[in-house]
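Residue strings, one per chain:
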Amino acid sequence: MNVLHAGRLVKTKEDYKVVQLGLDYVEEVVELQERVHKDMVHKSWFVRDSADEIEAMLKNGGALFGVLNKNNEMIASRYISTPGDSEHNLAHDVNLPIDLDQVVVLESTVVHPDYRGNRLQGITLDVAMKHAENKGFRHLFCTVSPQNIYSLYNIMSGGLKIRSLKKKYATTDRDGVWRFILHKDILIQDMSWLKRLEISFDDLDLQKILINKGFYGDAVSRRANTIVYAR
Ligand SMILES: CC(C)(COP(=O)(O)OP(=O)(O)OC[C@H]1O[C@@H](n2cnc3c(N)ncnc32)[C@H](O)[C@@H]1OP(=O)(O)O)[C@@H](O)C(=O)NCCC(=O)NCCS
């Protein structure tokens, strides 16, 4: 097993490791996602993928990362995809000139409820970003529910910026759920801006207006429940 990162959990001081996993771990990931989803109060914050969908992503250039505790049980997972010119490429949802073949999509992340608060989402994000960079990809994308402050905070701390707000993941019985589309250009560390505005987290209408005027979401404050938009 290829260990990409190892450490000690902040809360329980238990040793953990982050490993890259193959197709034979997909079922375990699906089980962990089911476990996490069962407990969620706001189910629309997290749209699950089927085992077939995850397998297809992994066979098509994606990668799966798992966090294992000292008993080698999976306590968190994250997978990424390389959608190329398919309709799933989130570059289609933003107004930026992007080579579709340079895109990695950060797909789902979950942390087992008993292991929350150890920054495992941020840790697997760092691992996935390093992986994408080593493989020569330039752009990272992901979606986050505008209400999911925990995930939004972690993703934006990794340098991803809000570029769009729209409904995604429509099915026959649902016209989609609201999602921020976030983006990071691995080659650009600092983004310049002339104007900054701090907006209430709940004011999605104003955020949509600002995005349409060319602003991007730059940072989120979990304490003040605000997002800073810049242009
Ligand atoms: C989003 C998620 C991955 C974050 O987990 P994490 O990496 O353990 O979160 P953090 O370590 O950053 O937690 C920071 C704080 O928020 C709390 N927190 C994190 N997720 C929380 C949640 N869903 N509900 C309530 N509190 C939560 C932590 O307990 C911690 O509190 P503390 O500082 O008082 O100890 C996790 O909540 C989760 O699996 N959610 C369900 C699936 C999901 O939404 N995935 C993201 C979209 S794909």
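(A) Main features of the packing of helix α3 (residues 120–134) against helix α4 (residues 149–157). Put simply, α3 and α4 touch, their axes get as near as 9 Å, and they point 35° apart. Here the hand of the crossing between α3 and α4 comes out right-handed. Judged by residue contacts, Q121, G122 and L125 of α3 engage S151, N154, I155 and S157 from α4.

(B) Seen up close, unusual backbone geometry. Phi is positive for K13, close to 65°, though the residue is something other than glycine. Mapped onto the elements, K13 comes out in the loop between β1 (2–8) and β2 (15–21). K13 gets classed as exposed once you count the C-beta atoms within 10 Å, which come to 7. The backbone phi angle of N225 is positive, close to 55°, even though this residue is not glycine. With respect to the helices and strands, the residue N225 is situated in the loop between β10 (216–221) and β11 (226–230).

(C) How the structure looks around the environment of I155. Within the secondary structure, I155 sits in helix α4. For I155 and K43, which are 112 residues apart along the polypeptide, the C-alpha to C-alpha distance reads 19 Å. Setting aside anything within four residues of it in sequence, one finds I155 in contact with L125, C142, V144, L160 and L182.

(D) Summary view of the packing of helix α1 (residues 26–39) against helix α2 (residues 51–59). Where α1 contacts α2, the axes come no closer than 10 Å and their chain directions differ by 130°. Overall, the two elements α1 and α2 adopt an arrangement that is oblique. The two elements α1 and α2 meet at a crossing, and its hand is right-handed. Contact with α1, carried on its side by V26, E27, V29 and V30, involves A51, I54 and E55 of α2 and no other residues of that element. Residues that form the contact of α1 with α2 fall into these classes: five nonpolar, no polar and two charged.

(E) Local environment of the site of the ligand. Contacts to the ligand come from 18 residues, most closely from V111, R116, G117, Q121 and Y150. Every element with two or more residues in the shell around the ligand is listed here: β5 (103–111), α3 and α4. When residues of the shell around the ligand are assigned to their parent elements, the largest contribution, four residues, is made by β5. Per-class residue counts for the shell around the ligand are eight nonpolar, eight polar and two charged.

(F) Molecular detail of the nonpolar core. Counting residues in hydrophobic clusters, the biggest one holds 52 residues, and the most contacted among them are I80, V105, A128, F141, C142, I155 and L182. Residues contacting I80, with those up to four places away along its chain left out, are G62, A63, V104, V105, L106, E107, A128 and A132.

(G) Examining the pairing of strand β3 (residues 63–68) more closely. Of all the six residues making up β3, six are buried; the element is thus mostly covered by neighbouring parts of the structure. What you see with β3 is no split at all: A63, F65 and V67 on one side and L64, G66 and L68 on the other are buried throughout. Pairing of β2 with β3, which is carried by five bridges, proceeds in the antiparallel orientation. Within β3, the residue paired with L21 across the bridge is L64. For β3 and strand β4 (residues 74–81), the ladder comprises six bridges, and the chain directions are antiparallel. Its bridge partner lying in β4, F65 is registered against R78.

(H) Spatial organisation of α1. A rise of 1.5 Å per residue sets the reference length of α1, with its 14 residues, at 20 Å; its end C-alpha atoms lie 21 Å apart and thus fit the reference within 8%. Among the residues making up α1, those that are buried are V26, V29, L32, Q33 and V36. Summarising the axial view, the buried residues of α1 lie within an arc of 120°, below the 170-degree limit, and thus occupy one face. Those residues of α1 that are exposed and angled more than 90 degrees off the buried face are E27, E31, E34, K38 and D39. Close packing links the buried residues of α1 with α2, β3, β4 and β5.

Conventions we followed
- Residues numbered from 1 in each chain as written.
- Predicted model: local features only at pLDDT ≥ 70, side-chain atom pairs only at ≥ 80, totals over all residues.
- Axes fitted to C-alpha atoms, helices over the stretch in contact; angles between N-to-C directions.
- Helix = DSSP H or I, 4+ residues; strand = E, 2+ residues; numbered from the N terminus.
- Left-handed = near helix turned anticlockwise from the far one by under 90°.
- Contact = placed C-beta atoms within 7 Å.
- Buried ≥ 20, exposed ≤ 12 C-beta atoms within 10 Å, placed from the backbone.
- Parallel < 35°, antiparallel > 145°, perpendicular 65-115°, else oblique.
- Nonpolar A, V, L, I, M, F, W, Y, C, P; charged D, E, K, R; others polar.
- Near = placed C-beta within 6 Å.
- Core = buried A, V, L, I, M, F, W, Y, C linked by C-beta atoms within 7 Å.
- Pairing = 2+ DSSP bridges.
- Expected span 1.5 Å × (residues − 1).
- Arc of directions from axis to C-beta.

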